[in-house]
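Inside the fold
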Amino acid sequence: MFEYAPAPESRAVVDIKPSYGLFIDGKFVDPADGTSFKTINPASEEVLAEISEAGQADVDRAVAAARKAYDKVWSKMPGRDRAKYLYRIARIIQERGREIAVLESLDNGKPIRESRDVDIPLVAAHFFYYAGWADKLDHAGFGPSPRALGVAAQVIPWNFPLLMLSWKIAPALAAGNTVVLKPAETTPLTALLFAEICQQADLPPGVVNIVTGAGETGRSLVEHAGVDKIAFTGSTEVGKAIARSVAGSRKKVTLELGGKAANVVFEDAPIDQAVEGIVNGIFFNQGHVCCAGSRLLVQESVYEPVLASLKRRMARLRVGDPLDKNTDIGAINSAAQLDRIRTLSDIGGEEGAERWSPPCDLPDHGFWFAPTIFTGVTQAHRIAREEIFGPVLSVLTFRTPAEAVEKANNTPYGLSAGVWTDKGSRILWMADRLRAGVVWANTFNKFDPTSPFGGYKESGYGREGGRHGLEAYLDV
Ligand code: NAD
């Protein structure tokens, strides 16, 4: 294989401050007790900035600011005026897209190709889409004059930091709510840049508040008596704890949790196309994707050609500097996540599955994991059951469509699935039987703001995106 010359994106387009306060009531403020933590670049372990850690007093302050903004300004503003702010935010995101993409890749470790071409365009698209709904709530099919809920507490993970923020904030504001959002502790920087964008857009103070911190800050926020709605995206374990803590309260809750998607390849599928879909399904964003196609189910008759082609393709994936425009697989987001991926992968080997990775040189600093597949996996293996959230694929086989459905559904999760076949009738037959919120046919990991997304079973409840996503923020 020939070598590419490095093509790094310039990081001079971003201006990272040495330290950041909390964004409350339209201003950056110091936390009450002055505690902070560091956010690092996972590709180099370089410290990027010092981030404030919000305690209970700060969360109280942020919720009070959101309540005041709701009562005095946002709930009284006509939808068409709320829409103007959302359109303005969407346009600023587009204008500053390159800067935001570089910052996202620096803090998260994802390849610039993805932050530039997928994450940030989708962020802008979400704000444009929900801006369009803000003055049409009466016509959304939720009955006459649906009302906002009030103050929304929103907690998001680190895998798509700004995209998850947009999934939360855009529908909440369009529906007339105000928000307090907590980004993940390893990826706070684009949420803080978003706070600056709110200032740039002249959004009234208190409509959006950003409190940074770890799990304890998130817990204070979701358990706060002053919030009316909780929107959480993250692990099933924390989602269950939140569901328990709000049981019996009047808070409305949506939970977007983990997944263990099956990507099902039938013998009549175009193999080259399916292999691209398998690679996109599991190696996109280092596999840090709740709907990643982490279980490949291949029909036995095409197992060998599919595996041979997949290995050839994997040998051409470029792992390395996230800011290099040639990079396919960037850094693992944190040392803790790398440790989880390693532990589960080692267990896969101990359980008897066969492990394979292409030869690849990993950088000396930072957190890296080579793209990996396990063959000879059975349904009882932990690598087939548990979410690895990394670039690790388990390969299983099936003989009949019924067996494919049985195996695909044999999981505590139900977020997404993929089907690869030449026959439209088989796609519909499978989609009817797969217990998954999203079923992609002859493609994978396709997102659009107009389309609802969410899970069954332990993947959570509620839908984000589309008209359904709006409903979660309205009293209907
Ligand atoms: P996590 O649950 O550890 O953390 C998610 C967020 O919750 C973080 O901001 C964290 O600080 C906060 N948090 C932690 N403990 C909390 C508590 N007790 N109360 C309130 N907040 C708390 O998950 P993670 O490791 O950051 O993210 C990976 C997980 O997210 C995976 O399981 C993945 O599948 C899931 N995810 C789901 C979707 C979806 O739409 N279904 C999308 C992206 C990620």
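Residues numbered from 1 in each chain as written. Predicted model: local features only at pLDDT ≥ 70, side-chain atom pairs only at ≥ 80, totals over all residues. Heavy atoms only, no water.

The protein chain has the name Aldehyde dehydrogenase (NAD+) in an unreviewed UniProt entry, where Asanoa ferruginea is given as its organism. Of the comments in the UniProt record for the protein chain, the one headed Sequence similarities (unreviewed entry) reads "Belongs to the aldehyde dehydrogenase family." (UniProt positions renumbered as here; feature names shortened; annotations may be inferred.)

The secondary structure content of the protein chain amounts to 15 helices and 22 strands. Taking 2.2 N^0.38 as the reference for a compact globule, 476 residues should give roughly 23 Å; the C-alpha atoms of the protein chain span a radius of gyration of 22 Å, in line with that estimate. Projected onto its principal axes, the C-alpha coordinates of the protein chain cover approximately 65 × 50 × 40 Å. Across the protein chain, every contact between residues at least 6 apart in sequence was considered, and the portion connecting residues at least 24 apart equals 76%. Separation between the mean location of the 53 positive side-chain charges and that of the 58 negative ones in the protein chain comes to 5 Å. (Helix = DSSP H or I, 4+ residues; strand = E, 2+ residues; numbered from the N terminus. Rg over C-alpha atoms; globule rule 2.2 N^0.38 Å. Contact = heavy atoms within 4.5 Å. Lys, Arg positive; Asp, Glu negative; His and termini not counted. Charge placed at Lys NZ, Arg CZ, Asp CG, Glu CD.)

What follows deals with the packing of aromatic side chains. Under the definition given, this model contains 13 aromatic pairs. Every member of this aromatic cluster is reached through a ring pair, and the members are Trp167, Trp440, Phe444, Phe447 and Phe453. Sitting over the face of the ring of Phe266, Arg426 holds its NZ or CZ atom 4.6 Å from the ring centroid. (Phe/Tyr/Trp six-rings, centres within 6.5 Å; stacked < 30°, edge-to-face > 60°. Lys NZ or Arg CZ within 6 Å of the ring centre and 35° of its normal.)

Right, let's get into the UniProt feature "active site" (unreviewed entry) in the protein chain. The positions UniProt marks with the feature "active site" (unreviewed entry) are Glu256. Among the structural elements, Glu256 can be located in strand E11 (residues 252–256). Those residues in contact with Glu256 that sit more than four places away from it in its chain are Phe232, Thr233, Gly234, Leu415, Phe453, Gly454, Gly455, Ser459, Gly462, Arg463 and Glu464.

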